[in-house]
Amino acid sequence: MKIVVCIKQVPDTKGGVQFNPDGTLNRAAMLAIMNPDDKAGLEAALRLKDEYGAEVTVLTMGLPKATDTLMEALAMGADKAILITDRVLGGADTWATSSTIAAGLKKLEYDLIITGRQAIDGDTAQVGPQISEHLDIPVISYAQDIKIDGDYVIVQRQFDDRYHVLKAKMPCLITALGELAEPRYMTPAGIVDAVNADITVWNRADLTELDDANIGLAGSPTKIAKASDKVRKGAGEKVELDPKEAVAYLMQKLDEKHAI
Amino acid sequence: MDFTLDKQHEMARTLFRDFAQNEVKPLAQEIDETERFPMETVQKLGKYGMMGVPIPREFGGQGCDTLTYVLLVEELSKVCGTTGVIVSAHTSLCADPIYKFGTDEQKAKYLPDLVTGKKVGAFCLTEPGAGTDASGQQTKAVLDGDHYVLNGSKIFITNGGVAETFVVFAMTDKSKGTKGISAFIVEKGFPGFSVGTLEKKMGIRASSTTEIIFQDCIVPKENMLGVEGKGFSLAMKTLDGGRIGIAAQALGLAQGALDNTIEYVKERKQFGKPISKFQNTQFQLADMHTRVEAARLLVYKAAIAKDTQKVFSVEAAMAKLFAAETAMAVTTKAVQLHGGYGYTREYDVERMMRDAKITEIYEGTSEVQRMVISGNILA
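Described in the following lines is the structure provided in the data block.

1. Focus on the interface of chain A and chain B
Taken together, the contact pairs 15 residues of chain A with 16 residues of chain B. Summing both sides of the interface, chain A and chain B together bury roughly 1,400 Å²; the carbon and sulfur share of this comes to 72%. Three residues stand out in chain A for area buried against chain B, namely Tyr185(A), Pro188(A) and Ile191(A), and they jointly supply 48% of the buried area on that side. Joining chain A to chain B, the criterion identifies 2 salt bridges. Two residues, Asp193(A) and Arg57(B), come together in a salt bridge whose shortest N-O distance is 3.0 Å.

2. Thoughts on the sheet that holds strand 1 (residues 2-6) of chain A
Pairing between the strands of a sheet is mediated by backbone hydrogen bonds and can be parallel or antiparallel. Residue and element names in this part refer to chain A. Pairing in this open sheet of 9 strands is mixed, and the strands run 9-8-7-10-6-1-4-5-11 from one edge to the other. Both outer strands of the open sheet, strand 9 (162-169) and strand 11 (200-202), are each paired with one neighbouring strand and no more. On average, adjacent strands in this sheet sit at an angle of 30° to one another, irrespective of strand direction. In this structure, strand 4 (residues 55-61) lies alongside strand 5 (residues 80-84), joined through 5 bridges in parallel fashion. Looking at strand 5, one finds that Met 61 is bridged to Ile 84. Relative to strand 1, helix 1 (residues 36-52) is tilted by about 165°, and along the sheet it contacts strand 1, strand 4, strand 6 (112-116), strand 7 (139-149) and strand 10 (172-176). Set on the sheet, helix 2 (residues 67-76) makes contact with strand 4 and strand 5; between it and strand 5 the angle comes to about 165°.

3. A word on empty space enclosed by the protein
Residue and element names in this part refer to chain B. According to the stated counting rule, one finds 2 cavities of 30 Å³ or more in the structure shown. For the largest cavity, the calculated volume is near 60 Å³. Forming the walls of the largest cavity are Pro 54, Thr 66, Tyr 69, Thr 91, Ser 92, Asp 96, Gly 241, Ile 244, Gly 245 and Lys 306. Contributing elements (two or more residues each) for the lining of the largest cavity: helix 3 (66-79), helix 4 (81-101) and helix 6 (231-267). Residue composition of the lining of the largest cavity, grouped by class: 3 nonpolar, 5 polar and 2 charged. Taken as a whole, the second largest cavity holds about 30 Å³ of empty space. Forming the boundary of the second largest cavity are Leu 298, Lys 301, Ala 302, Glu 315 and Met 318.

4. Observations concerning the environment of Val56(A)
Residues and elements named next belong to chain A. Residue placement: Val 56 occurs in strand 4. Between the C-alpha atoms of Val 56 and Asp 79, which are 23 residues apart in sequence, the distance is 5.3 Å. The residues touching Val 56, leaving out its near neighbours within four places in the chain, are Ile 3, Val 5, Leu 42, Ala 45, Leu 46, Lys 49, Ala 78, Asp 79 and Lys 80.

Conventions we followed
- Residues numbered from 1 in each chain as written.
- Chains lettered and ligands numbered in written order.
- Predicted model: local features only at pLDDT ≥ 70, side-chain atom pairs only at ≥ 80, totals over all residues.
- Heavy atoms only, no water.
- Contact = heavy atoms within 4.5 Å.
- Buried area = accessible area lost by both parts, 1.4 Å probe.
- Salt bridge = Lys/Arg side-chain N within 4 Å of Asp/Glu carboxyl O.
- Pairing = 2+ DSSP bridges.
- Helix = DSSP H or I, 4+ residues; strand = E, 2+ residues; numbered from the N terminus.
- Axes fitted to C-alpha atoms, helices over the stretch in contact; angles between N-to-C directions.
- 1 Å grid on protein atoms, 1.4 Å probe; cavity = no way out; pocket = protein on both sides within 12 Å on 5 of 7 lines; lining within 4 Å.
- Points joined across faces, edges and corners; volume = space filled by probe spheres on them.
- Nonpolar A, V, L, I, M, F, W, Y, C, P; charged D, E, K, R; others polar.

This is the structure we're talking about:
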């Protein structure tokens, strides 16, 4: 079985969000991590590899420094890594991104494609399903459990207060929830291998099944007018009182603010 | 000359830091309080290869260099000195000598279980009358047909109560002095082996430090480690490596205490402003940071020397001496800067100060390190 996991390097929002003067994200000033949902998807793929045997390839589109994220995936146990990078691909929205990644996937053999549900920087949840449309394969989104049954996958899809069990013939695409699988750590030996691994790099010219009308900023129907950080709340007030006094204090404050 | 870590070591540090933060830090206070050995952490460490970082892959280890191993012990010790020493004693003092001095059969038999954390390892050299003067071994090993019979007792054995594989030193020929000492691999289940008193300690309270007793203990002849009569030299060479592990533990404790203090002084307010705004605090932190960084350079240098030089005793001794004294000085200042809160168990620096003290004592006291260093420069 061949599994391709699409992963994205995203800014680590734990350290705060930084913007360029034009309102776009200042990615260079922020630490970068593997998108959490993608990491859960990678873990799910590695578990399928452990259980059924599989070759796991990770693929990302991004700046050259996204190789760090690919190396992390290799150090966790992925077998191959591919980076799609080119200046002309920059500024892509979900349409341009999914078109580009799908063109990369067309160069590969796969039974299963796993993407994260959504990335923490864009939060669209569109790229995975769009890729499946470009490739004309079934998609099962919001996966919380994946099992293999011969040529089929059986997936639990999270849905409000319940889940659906769906069965699809491979090849197909699954979008993974963060809670699908708790990611494993890298291993020290895995890191040594990852650092020495050959990472395949594809530029625009390598993606023959891609229309120039669908790439980069120019090929993106979505235009971001402005982005800004959320207005942060004040630090608030901390009081250390025993529960009875604390309740009385709280009631008094709520009363003062005419909240009750 | 470049003092920055390369990609591999940076990634390893990230891995060890994440592991320490997620898996080790949450337990640190509880296991110190209850003196409970964190076996679940050892199993997780084993699962991810961290109980055998420098052991070659053919024996199930990770095949990494000593610097990678040092980064592991440092990051673990930043949040929990106990976990740091569990890994250090297991790796440097048990797995490492078996790998270096063991026969192919011994390596194949013992290393796979050690490096995966299925079994914990320990090192038995110290005796009631043989501490800094390790040559005064009283434990005897007498050959009797196809086995040796060991009699005697060892004290202050790190991992003693939980280990299953022990590297043990005993006199095979008392008339030859240190040249009559030999090393053995002893299993917990061998007849005549028992674990004695569990020590109640000031720091590293969750590491199991015990007496080990050999009463007509039967050890198969093939379990002699290295050559008969070369045990003392084997012990000293092993301790050179062990000292780098303890130096890394001390470095981690110092850095951990400094990190906690930096966070605290920005929050703690006195006289209407954070105490970080006072020059006394700033100067103290500057001194602490400078010392920690100097210790780091010595520790990393010793780690690289272990992999590139035949003899690295002086580098290891200097790293351990300076890192241990730095750990003690920095953790003491950290408690001082925390004021009364730092003296309570609610704050980690209290534990770190208690943990730091032992780094000046075990695997060669600071005085022994000074003897090694001065002996070398005066030779």
